[in-house]
Amino acid sequence: MAKRTSHPAGTPSWLDIGSPDIDGTFAFYGPLFGWERVDLGPDAGGYGMAAIEGDTVAGVGPAQQPGPPFWTTYIATDDVQATTKKVEAAGGAVIVGPTDVFDQGKFAVYADPNGAVFSVWESGDNIGAYRVNENGTLCWNELNTWNLDAAKPFYAEVFGWDISDNPEYGEFSVGGRVVGGMMPLSTERVPQETPEHWLVYFAVDDINAAVAKINELGGTVMMEPFEAGGVGLMTVNKDPQGAVFATIQMNEPGD
């Protein structure tokens, strides 16, 4: 069990999805990952949370824009105002400026210079995900980019990440701990029109059981189980509403 009481600045700390069918989204991910639905009441504007044994692990809200839904990666920050200035100085775009969420914390939404959208979270009473790296929870966040050389200096400047020099797969670290990755996109793997994006990974105890459940619940397994760099067996999937996500059965549980 990997419970959290805080997330260091620069660490992916939360994820949520804007869905055109919130009931359908919970009907899919609930049985797949063992999530309980948490209703936050009318003041939350339809936004709700998913929990495991009472610990919140992800958010689900109404779609805010047309097109297929997608999972958003949130990166922890100690000062959302300062991070916003760094994003602008590094050539990113501010989509939603610093915004208070009651007493829970503050968020902002940005696009990096290549167009990949991500968010940040400055915790108040809510730290973000209270469980990670266990079955049904967030365990990895990966930037998929056509221009790795442009992405690296942007994120290093904004978050102070140490990023590996591997041209085939960049890993970024916070305080000496690897917390995410950067995958260069290639037309050998995906169509040229594939947009820059952050991909979220959910840990599962049994990848084959997860594949069977995804199919049973009306999702699509886009990439059948394959070995992910010695880390574990993973798949890339699409939920019934069209959101893409990854699942991975890790060889060694995360901490």
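The shown structure was predicted, so the numbers you read here are calculated from the model rather than taken from an experiment.

The subject of this paragraph is the sheet that holds strand E9 (residues 138-145). The strand order across the open sheet built from 8 strands is E10-E11-E12-E9-E13-E16-E15-E14, with neighbouring strands paired in mixed fashion. Pairing within the sheet leaves two strands with one partner each, and these edge strands are strand E10 (162-163) and strand E14 (220-227). Bridge count between strand E15 (residues 232-238) and strand E16 (residues 244-250): 7 bridges; the pairing is antiparallel. Its bridge partner being in E16, Thr235 is matched across the sheet by Thr247. Running over the sheet, helix H1 (residues 22-33) touches strand E13 (197-203) and E16 and is turned about 5 degrees from E16. This element, helix H4 (residues 207-216), spans E14, E15 and E16 of the sheet and lies at about 170 degrees to E14.

So, about the nonpolar core. As a rule of thumb, soluble globular proteins bury nonpolar side chains together. Among the nonpolar cores identified, the biggest contains 26 residues, and Tyr29, Phe33, Trp35, Trp71, Phe202 and Phe245 are the most heavily contacted of them. Within the residue set of this core, elements represented by two or more residues are strand E1 (12-19), H1, strand E3 (48-52), strand E4 (55-62), E13 and H4. Residues in contact with Tyr29, not counting those within four places in the same chain, are Gly34, Trp35, Trp71, Asp239, Ala243 and Phe245. The next biggest cluster of nonpolar side chains, apart from the first, holds 23 residues, and it includes Val120, Leu143, Ala151 and Phe159.

What counts as what
- Residues numbered from 1 in each chain as written.
- Predicted model: local features only at pLDDT ≥ 70, side-chain atom pairs only at ≥ 80, totals over all residues.
- Heavy atoms only, no water.
- Pairing = 2+ DSSP bridges.
- Helix = DSSP H or I, 4+ residues; strand = E, 2+ residues; numbered from the N terminus.
- Contact = heavy atoms within 4.5 Å.
- Axes fitted to C-alpha atoms, helices over the stretch in contact; angles between N-to-C directions.
- Core = buried A, V, L, I, M, F, W, Y, C linked by side-chain atoms within 4.5 Å.
- Buried < 20%, exposed > 50% of the residue type's maximum accessible area, 1.4 Å probe, protein only.

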